[in-house]
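Spelled out, the chains give:
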Amino acid sequence: VACEPDGSNLRPLANLTNEPSEIRVSPDGVWCYYAEDTTLKRVPMAGGPISTMMSDVYYFALAPSGTRVLAYRPAADDV
């Protein structure tokens, strides 16, 4: 769920089948990125459809600009 800083406007962002391993909000506050199992996904903070970004992700970070994602993919042994 997400809400405003004062606790108002409580809203679900996504219904998950598994517990996310990481959750990050983009610097501009528009997107919520999360890893469900090993799949990196994002959903708008206002609510909406979930987008699958990539699979086989163990860790990820967002660039300060929010325009890029850095991910570690262990099966490929790639960053």
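It should be noted that the structure appears before, not after, this text.
A brief look at the structure comes next. This structure is a prediction, so every number in the text was calculated from the model and none was measured. Starting from 1, residues in each chain are numbered consecutively following that chain's sequence as written. Per-residue local features of the predicted model are confined to residues with pLDDT of at least 70, and side-chain atom pairs are confined, for both listing and counting, to 80 or more; whole-chain, interface and lining totals are unaffected and use all residues. Calculated side-chain values reflect all of the structure's heavy atoms, with hydrogen atoms and water omitted.

### Some details on the environment of Asp28
Working step 1: Put simply, DSSP marks the helices as runs of H or I at least four residues long and the strands as runs of E at least two long, and each gets a number from the N terminus on. Mapped onto the elements of the fold, Asp28 is located in the loop between β1 (20-25) and β2 (31-36).
Working step 2: Any residue under 20% of the maximum accessible area for its type is buried, any over 50% is exposed, and the rest in between are partly exposed; the area is computed with a 1.4 Å probe on protein chains only. Assessed through its relative accessible area of 54%, Asp28 is described here as exposed.
Working step 3: Along the sequence, Asp28 and Ile50 sit 22 residues apart, while their C-alpha atoms lie 18 Å from each other.
Working step 4: Any pair of N or O atoms that falls within 3.5 Å is considered a polar contact. Within protein, one atom must be able to donate a hydrogen and the other to accept it, and sequence-neighbouring residues count only if both atoms are side-chain atoms. Side chain to side chain, Asp28 and Ser26 meet in a polar contact 2.5 Å long.
Working step 5: A polar atom in the side chain of Asp28 sits 3.0 Å from the backbone nitrogen of Val30.

### Considerations on unusual backbone geometry
Working step 1: The backbone phi angle of Asp37 is positive, close to 55 degrees, even though this residue is not glycine.
Working step 2: Mapped onto the elements, Asp37 comes out in the loop between β2 and β3 (39-44).
Working step 3: Although it is not a glycine, Asp56 sits at a positive phi angle of roughly 60 degrees.
Working step 4: Following the sequence through the fold, Asp56 ends up in the loop between β4 (51-54) and β5 (59-62).

### Re the layout of surface pockets
Working step 1: A cavity here means a set of 1 Å grid points, computed over protein atoms only, where a 1.4 Å probe fits but cannot escape. A pocket is an open set with protein on both sides within 12 Å along at least 5 of 7 lines, and lining residues have an atom within 4 Å of a point. Grid points are joined across faces, edges and corners, and a volume is the space filled by probe spheres set on the points. What the largest pocket holds in volume is close to 200 Å³.
Working step 2: Together, 13 residues line the largest pocket, and Val1, Leu13, Ala14, Ile23 and Cys32 are the ones closest to its centre.
Working step 3: Looking at the lining of the largest pocket, the elements with two or more residues in it are β1 and β2.
Working step 4: Looking at the lining of the largest pocket element by element, the count peaks at three residues for β1.
Working step 5: When residues are grouped by polarity, Ala, Val, Leu, Ile, Met, Phe, Trp, Tyr, Cys and Pro land in nonpolar, Asp, Glu, Lys and Arg in charged, and all others, Gly among them, in polar. Its residues assigned to classes, the lining of the largest pocket comprises twelve nonpolar, one polar and no charged.

### Structural notes on the pattern of salt bridges
Working step 1: Only one rule defines a salt bridge in this text: a Lys or Arg side-chain nitrogen within 4 Å of an Asp or Glu carboxyl oxygen. Summed over all chains, the structure comprises three salt bridges.
Working step 2: Salt-bridge contacts for Glu4 lead to Arg11; the nearest nitrogen and oxygen are separated by 3.5 Å.
Working step 3: For Arg24, the salt bridge is made with Glu22, and the minimal N-O distance between the two is 2.7 Å.
Working step 4: Judged by relative accessible area, Arg24 falls into the partly exposed class, the value being 35%.

### Focus: the sheet that holds β2
Working step 1: Strand order in this open sheet of four strands is β1-β2-β3-β4, and the pairing throughout is antiparallel. Every interior strand has two partners, whereas the edge strands, β1 and β4, have only one. Neighbour to neighbour, the strand axes of the sheet diverge by 25 degrees on average, direction disregarded.
Working step 2: Pairing between strands is defined by DSSP: at least two bridges between the two strands are required. Both β1 and β2 contribute to a ladder of five bridges, which runs antiparallel. Bridge pairing links Arg24 to Tyr33 in β2. All axes here are fitted lines through C-alpha atoms, helices being fitted over the stretch that makes contact, and every angle between N-to-C directions spans 0 to 180 degrees.

These values are about where atoms sit, not about what they do.
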